[in-house]
Structures are given as structure tokens and as C-alpha cells.
Amino acid sequence: MTVAGLVIVGQLYAVIPLLQALAADWGTTVGAATATTTLFGIPYASGFLLTGPLADRFGRRTVITVGLTVMTVATVLVGLSDSLVLGGVLRAVQGLGAAAFSPAALAYLTERIEPRRRPSALACLITSFLAAAVVGQLLAQALSGLGGWRFVFYGNAVLLLVLTIALRKVMSPDGASGTLTLRGSFKAMGALAAKPALAVLYLATLPVLGGFVGVYTALQVLAPEDLVGGSHELFLLRASALPAMVLIPVITAWLSRFRATRRTALALFVAAAILGVLAALGSADVLVLGAFLLVYVAAITLISPGLTELVGSMAGAARATGIALYTFALLMGASLGPQVVVLLRSQGLAGVLVVLGVAQAVAGLLVLLADRLIVRTQARVATST
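The sections below set out a description of the structure shown in this document. Small disclaimer: the values here were computed from a predicted structure and weren't measured.

With that out of the way, let us pick up the pattern of salt bridges. By the definition in use, this model includes 5 salt bridges. Arg150 is the partner of Asp25 in a salt bridge, and the nearest nitrogen-oxygen pair spans 3.2 Å. Here Asp25, found in helix 2 (residues 19-26), pairs with Arg150, found in helix 8 (residues 118-170); they are 125 residues apart in sequence, far enough to count as distant. Asp25 gets classed as partly exposed once you look at its relative accessible area, which sits at 42%. Since its relative accessible area comes to 25%, Arg150 is described here as partly exposed. Across the pair Asp371 and Arg259 runs a salt bridge whose closest N-O atoms are separated by 2.7 Å. Here Asp371, found in helix 19 (residues 348-384), pairs with Arg259, found in the loop between helix 14 (252-255) and helix 15 (260-281); they are 112 residues apart in sequence, far enough to count as distant. Given a relative accessible area of 31%, Arg259 falls into the partly exposed group. Each of Arg259, Arg262 and Asp371 takes part in one network of salt bridges that share partners.

Structure below.
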């Protein structure tokens, strides 16, 4: 599942190193080509609102298998496309198929892994979603060097086919249909979104990956030529984040002793501060920039494992539905990140970084507000008991 997370979610980010090539081949601009990220991301994020309830009703393995089959076919067809319009439509289908994986996989591990090992298991899977932002770009850059941008999609389609078969083999068969009907699942979705603490958490989630993807998109299209003028420099910057992504699952057991909301807020404040420093530096050596990105990615990677388990526990029987809402907010932010960069590109790299940093600082404040709401709710329950 961890490998699957890297490859599946990596498709969202795979086009970032290909923007110039896509623009040249499709006769469009680089700014217009960034739509291929958003056109994947919005159906991907929105699809969670459907696949979460479907996974609760029909089973985790069934939903994952069907979704990845659709995704595999769409990935091949993206490689055959000859225009931004056709490529964009196929990217949307690709994203919708990918939506079958995350909520069902997270709910499956939450149910199947014993409690004492569950935080580490969830951390591995969730970290793969975050690491996919880097690994997806690195894999795309490597494959495009071998056979052009089309080869990126053909190669990824082969990986997706293999993973679909492997997941079908290793996942336990779906049991009896869930206790929730589809109607009940969608009703539960509305009830979960209406809970004040959960609603605030979902809102705070938007800038988490929105800022993360926005930073890498800004480096691709706005960084000074002398800083990231060659593919070698960009490769190093993307790879610099990987050590943090490997470390975080290792220390998850230690981190779980702290309240999920409070460590999330701290991580968001650290991420915002790093972006402020990078904006102030203006131009920096690639190694210096890589070091700051390492700390930034470590902060972002700290966020999701605890929040996923918290949201799942607050959702009760509608666990996949609750996690689907959370993942929807997470990936909707990732989808909008590149468009924020396009809208603010006239402000330059520093201006974009400042805006993204402010958004993540506000998210930190919202998480602290959610923490207070959770504490109040627990106090009321204890009093009534």
C-alpha cells in the first residue's frame, strides 16, 4: 500500500517537471499547462466524497480494484493525447480513478492493524502520499529523460497495472456489506461536516498541501535562472526532501505522545516561518535552499498521520466517509496550489512564498481553535456522564 500510495498520488505531481514539454507539444503556454495538475486534482479530491461512502458500503478491496483499473486505462490515454483539452479531460478521469485508493486504504489499515502498530502503519501510508509529491516528480523527470513526456505516462500505467493486481492479492476479501447504506453514508457525511471541531479541521487542512505543492510549482516556474537553471539543480531540490519523509514514520510512535492538534499547529507555524525566511533570502545557493526545504517538508509530513487517526476516531462507523472528507480537503488544497502560483506570478517568487506562508500560519491558528472545541466537547461529555 505504501508503494501504491507513492505511484498513485504521484500522478498528481508528475506533470510539474513536464510543463514546458507539454506546452511545446500541445501548442500552449506553460501557465495553461499547469491546468493539467488542477484538472487531475479537483476530480481526485472530489471523488473522495463518492468513494468514501462506496468503500463503507461495498468494501475496501472492491472499490480500490475498480478505481485503479479505470486509472490505468486513463493514464495510457493521457500519453496518447495531442491537445491540452483532450489531455485535460483524460487527466480528470485519471484523478477520479485515483480517488478510489486513499479513503479505502486508510480505513482498511485502521480496521486491520492492531492498535499499538496502527500509528506507524498509518504514518507509512500517509507519508507515501506526501512523498509522492517529490517521488512523482523525480520519476517523471527520469522517465522523460529516457523517452519524452509520453513515456512518463506509459511507464506509470505499467506500474499501476502491477499494483492493481498486487493489491487485489494482498488485501483480505471484503466481508458482508457495511452497516451503512449509501444514503446513510452521505447523511453521515453531512453530519460530520456539521460538527464544529471537524469543520474547522477540514478548513485548516486546505493550505497544508496547497502550500506544499505551491512551493514546488513556484520553484519550477518562478525561481531565478541562476538558481534552478538546469534539471540537475531541480532534481537536487526535489530529492532534498526525501530524508524527512523517511524519518517521520520512524519517530511516529514517539510523536504520538503529543496531542495531534497541538503538534499539527506547531508544524504549520514552523512551515510558515520557513517560507518567510525563503522569501526574505530572495536568492540563495541550491544547498541552502535544499536545507530549508528539508525542514519545511519535515514540518508538513508531521501533520497528517495524527489528524487522520483523530478524524477517523471522531467519525465512528462512518470512518471511511470521515477520512474521505479530510482527504478531500487535503487534496483540494493541493489542486489549487498551482493556480495560486499562476494568479500571483506577477509578485515573483518571494511574493508567492509570503502568501503561502500566511495561509499555513492561519491554518495553524484554526487547528488550535479546533483543539479548544474538542476539549470543550470532551469536558461536556465528562460532566454529563
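The residue Thr327 is located in helix 18 (residues 319-343) in this model. For Thr327, the contacting residues outside a window of four places in its chain are Phe48, Ser102 and Leu106.

Another point: the packing of aromatic side chains. Considering all chains together, one arrives at 6 aromatic pairs under this definition. On the numbers, 6.3 Å between centres and 80° between planes, the contact of Phe101 with Phe129 is edge-to-face. A residue pair is termed long-range when its members are at least 10 positions apart, and Phe101 in the loop between helix 6 (84-98) and helix 7 (102-112) and Phe129 in helix 8 qualify at 28 residues. Comparing Phe101 with Phe129, the two get one shared label, buried. Here the aromatic residues Trp26, Trp149 and Phe153 are joined through ring pairs into a cluster of three or more.

Each value, and the rule that gives it
Residues numbered from 1 in each chain as written. Predicted model: local features only at pLDDT ≥ 70, side-chain atom pairs only at ≥ 80, totals over all residues. Heavy atoms only, no water. Salt bridge = Lys/Arg side-chain N within 4 Å of Asp/Glu carboxyl O. Helix = DSSP H or I, 4+ residues; strand = E, 2+ residues; numbered from the N terminus. Buried < 20%, exposed > 50% of the residue type's maximum accessible area, 1.4 Å probe, protein only. Contact = heavy atoms within 4.5 Å. Phe/Tyr/Trp six-rings, centres within 6.5 Å; stacked < 30°, edge-to-face > 60°.

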